[in-house]
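Remarks on the overall topology
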Amino acid sequence: MFGLIGHLTSLEHAQSVARDLGYPEYADQGLDFWCSAPPQIVDNIKVTSITGQTIEGRYVESCFLPEMLATRRIKAATRKILNAMAHAQKHGIDITALGGFSSIIFENFKLEQFPQVRNIQLEFEKFTTGNTHTAYIICRQVEQASAQVGINLADATVAICGATGDIGSAVCRWLDACTDVKDLLLIARNQERLTELQAELGRGKIMDLESALPEADIIVWVASMPKGVEIDPSRLKQPCLLIDGGYPKNLATKIQHPGLHVLNGGIVEHSLDIDWKIMHIVNMNVPARQLFACFAESMLLEFEKLYTNFSWGRNQITVEKMEYIGRLSVKHGFRPLLI
Ligand code: NDP
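The model shown is predicted, which means the values in this text are computed figures rather than measured ones.

1. Comments concerning the state of the cysteines
By the definition in use, this model includes zero disulfides. Its sulfur unpaired, C63 is 10 Å from the next cysteine sulfur, which belongs to C35. Of all cysteine sulfurs, the one in C178 lies closest to C139, which takes part in no disulfide; the gap is 7.7 Å.

Following this line, the structure appears as structure tokens:
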């Protein structure tokens, strides 16, 4: 059985979901209440591959909210993730994806030091960040959606916001090795990590976001920001493809302009309907078929009975592993969301 550990995007989102699901007593509660709420399994899932194989899974709501980081409730945030992992393991789940901020919190606060959660010894090999599949899907979106909107990669400058992150660095590696993209603009805050990435790639310009935006034909947004940024669309090139892989979204601005194309990044579409309700709750456009690529990674590992932490640690995603998970993705009927 596979598992997905997820969270909602804001306190407001959590309150409205609680109201929709018929829990009015949760809907009126503030952040402190969510800090003390335990993890819950809120969905039972059935997925069928195009090979005909069917698997079962569970969705574990961790009750983490990004505001916990913004207001420095770090202890609550880390407890949410460890408790959700213990909950998944206690329910016999063989491989669980750590969605959205779950893996970021796990890594940033070095939670591997705390494998004991009450009476449960966490077995980390039963968890995956899902980032290899996410990075692969974003790269395929860059390649395929650029063609859809008439951008030729060989002439294109691609800016990666969050370039030094786990997903961002993998995207840079792929774009460098597997495409003929003209230029890479590397954006993040920590200069040392940017210099290291530039040295590893042997290319790429280190830039701040403001200077990079007007130069980019394609912008990949994979920064771990608790809230989206406002950008001025008039400063962007036309055409410009913006692939927003952030969860919550990196882009706060609603862009509506014929020359600017915004695509939800790191999202896959399955070829067959999935029996679940959770993607309705996170407002996917086609909830029966669309899902986060990190969640799909745990499904792929379950289909293949690969009970291993396929994606783990930070900045270790290789092009070979992306190609491997990409082959499994195609085999079981997933494809990148396009425009
Ligand atoms: P990491 O923590 O590994 O990397 C985050 C990157 O963002 C770093 O390069 C960091 O560098 C940069 N960053 C953070 N804040 C800012 C800022 N204000 N301005 C510019 N750069 C910034 O995260 P992941 O790679 O694991 O995840 C990235 C995003 O992808 C997250 O939003 C996550 O929720 C989402 N995600 C989506 C998935 C999907 O299936 N679609 C799956 C998993 C994750 P620095 O700190 O130096 O600025």
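2. As for the sheet that holds strand 7 (residues 127-128)
Each strand in a sheet pairs with its neighbour through backbone hydrogen bonds, running either in the same direction (parallel) or in the opposite one (antiparallel). Here we have five strands laid out as an open sheet, ordered 2-3-1-4-7, and mixed in their pairing. For this open sheet the edge positions go to strand 2 (40-48) and strand 7, each flanked by a neighbour on one side alone. As judged from the eight bridges shared by strand 2 and strand 3 (residues 54-61), these two strands associate in the antiparallel manner. Within the sheet, the bridge partner assigned to V47 lies in strand 3 and is I55. Lying over the sheet, helix 12 (residues 293-303) contacts strand 1 (2-6), strand 2, strand 3, strand 4 (95-98) and strand 7, oriented at roughly 165° with respect to strand 1.

3. Regarding the site of the ligand
Looking at the ligand, there are 27 residues lining it, with T164, D166, R189, N190 and Y247 nearest. The side chain of R189 places a nitrogen or oxygen atom 2.7 Å from an oxygen atom of the ligand. In this structure, an oxygen atom belonging to the ligand sits 3.0 Å away from a side-chain N or O atom of R314. The protein chains hide 90% of the 930 Å² of surface that the ligand would expose on its own.

4. A word on the packing of helix 5 (residues 74-90) against helix 6 (residues 101-108)
Running from N to C, helix 5 and helix 6 cross one another at 110°; their axes reach a closest spacing of 10 Å. Of the possible angle classes, the one that applies to helix 5 and helix 6 is roughly perpendicular. Taken as a pair, helix 5 and helix 6 cross one another with a handedness that is left-handed. In this structure, helix 5 uses A77, T78, I81 and M85 to contact helix 6, whose residues at the interface are S102, I105 and F106. Split into classes, the residues belonging to the contact of helix 5 with helix 6 amount to five nonpolar, two polar and no charged.

5. What about the packing of helix 12 against helix 13 (residues 319-331)?
Helix packing geometry: the angle between the two helix axes and the distance between the axes. Where helix 12 meets helix 13, the axes come as close as 10 Å, and the angle between the chain directions of the two elements is 80°. Taken as axis vectors, helix 12 and helix 13 run roughly perpendicular relative to one another. Across the interface between the two elements, E297, L300 and L301 from helix 12 touch I325, L328 and S329 from helix 13. For the contact of helix 12 with helix 13, the residue count by class is four nonpolar, one polar and one charged.

6. Regarding the side chain of Q141
With respect to the helices, strands and loops of the structure, Q141 is situated in helix 7 (residues 131-148). Relative accessible area serves as the criterion here: at 0%, Q141 is assigned to the buried category. Beyond its immediate sequence surroundings of up to four residues, Q141 is in contact with S146, I243, L263, N264, G265, G266, I267, P336, L337 and L338.

7. Examining the sheet that holds strand 14 (residues 267-270)
Spatially, 15-14-16 is the arrangement adopted by the three strands of the open sheet, whose pairing is antiparallel. Only two strands of the sheet have a single partner each, and these edge strands are strand 15 (290-292) and strand 16 (334-336). Pairs of neighbouring strands in the sheet enclose a mean axial angle of 40°, with direction left out of account. Strand direction decides the pairing type here: strand 14 and strand 16, joined by three bridges, are antiparallel. Residue pairing in the sheet places E269 in a bridge with R335 of strand 16.

8. Quick notes on the packing of aromatic side chains
Taken as a whole and judged by the stated rule, the model has 13 aromatic pairs. Taken together, a centroid distance of 4.9 Å and an interplanar angle of 75° make the contact between Y26 and F33 edge-to-face. Residue class for Y26 comes out partly exposed when judged on its relative accessible area of 22%. Grouping aromatic residues by their ring pairs yields a cluster made of Y23, Y26, F33 and W34. Above the ring of F310, the side-chain terminus of K321 is found at 4.5 Å from the ring centroid.

9. Observations regarding the environment of I151
Its place among the elements puts I151 in the loop between helix 7 and strand 8 (157-161). I151 sits 90 residues away from L241 along the chain, and the two C-alpha atoms are 8.3 Å apart. Beyond its immediate stretch of four places on either side in the chain, I151 contacts S146, A156, D217, I218, P239, C240 and L241.

10. A look at the pattern of salt bridges
Tallying each qualifying case throughout the model produces 14 salt bridges. Across the pair R140 and E143 runs a salt bridge, and its minimum N-O distance is 2.4 Å. A residue pair is termed a helical-turn pair when its members lie 3 or 4 positions apart in one helix, as R140 and E143 do in helix 7 at three residues. Its relative accessible area of 26% is what places R140 among the partly exposed residues. One salt bridge in this structure joins R314 and D166, with 3.5 Å as the shortest N-O distance. Highlighted residues: R314 in the loop between helix 12 and helix 13 and D166 in helix 8 (residues 166-178), separated in sequence by 148 residues. Judged by its relative accessible area of 25%, R314 is partly exposed.

Cut-offs and rules
- Every residue gets a number counted from 1 within its own chain, in the order that chain's sequence is written.
- Only residues with pLDDT of at least 70 are given local features in this predicted model, and only at 80 or more are side-chain atom pairs given and counted; all residues enter the totals for whole chains, interfaces and linings.
- Hydrogens and water molecules were not included; the side-chain quantities draw on all heavy atoms of the structure.
- For this text, the term disulfide refers to a pair of cysteine sulfurs within 2.5 Å.
- What makes two strands pair is DSSP finding at least two bridges between them.
- Under the scheme used here, helices are H or I runs from DSSP no shorter than 4 residues and strands are E runs no shorter than 2 residues, and both carry numbers assigned from the N terminus.
- In what follows, residue pairs with any heavy atoms lying within 4.5 Å of each other are defined as contacts.
- In this analysis an axis means a line fitted to C-alpha atoms, helices contributing only their contacting stretch, and an angle means the value between N-to-C directions, from 0 to 180 degrees.
- Here a residue is near a molecule or strand as soon as one of its heavy atoms is found within 4 Å of it.
- Any pair of nitrogen or oxygen atoms within 3.5 Å is treated as a polar contact; in protein, a donor-acceptor pairing is required on top of that, and neighbouring residues in sequence qualify only through side-chain atoms on both sides.
- The Shrake-Rupley method, run with a 1.4 Å probe, gives the accessible areas here. Residue values count only the displayed protein chains as cover.
- Here is the rule for angles: anything less than 35 degrees is roughly parallel, anything more than 145 is roughly antiparallel, 65 through 115 is roughly perpendicular, and the remaining ranges are oblique.
- Each helix crossing is assigned a hand: it is left-handed if the near helix lies turned anticlockwise from the far helix by less than a right angle, otherwise right-handed if that turn is clockwise.
- Polar here means any residue outside two lists: the nonpolar Ala, Val, Leu, Ile, Met, Phe, Trp, Tyr, Cys and Pro, and the charged Asp, Glu, Lys and Arg; Gly therefore counts as polar.
- The classification of residues rests on relative accessible area computed with a 1.4 Å probe and restricted to protein chains. Under 20% of the type maximum is buried, over 50% is exposed, and intermediate values are partly exposed.
- Only rings of Phe, Tyr and Trp enter the pairing, Trp through its six-membered ring, and a pair is recorded when the two centres are within 6.5 Å. The plane angle decides the type: under 30 degrees is stacked, over 60 is edge-to-face, the rest tilted.
- Placement of a charge over a ring requires the Lys NZ or Arg CZ to be within 6 Å of the ring centre, with the centre-to-atom vector within 35 degrees of the ring normal.
- What makes a salt bridge here is a side-chain nitrogen of Lys or Arg within 4 Å of a carboxyl oxygen of Asp or Glu, nothing more.

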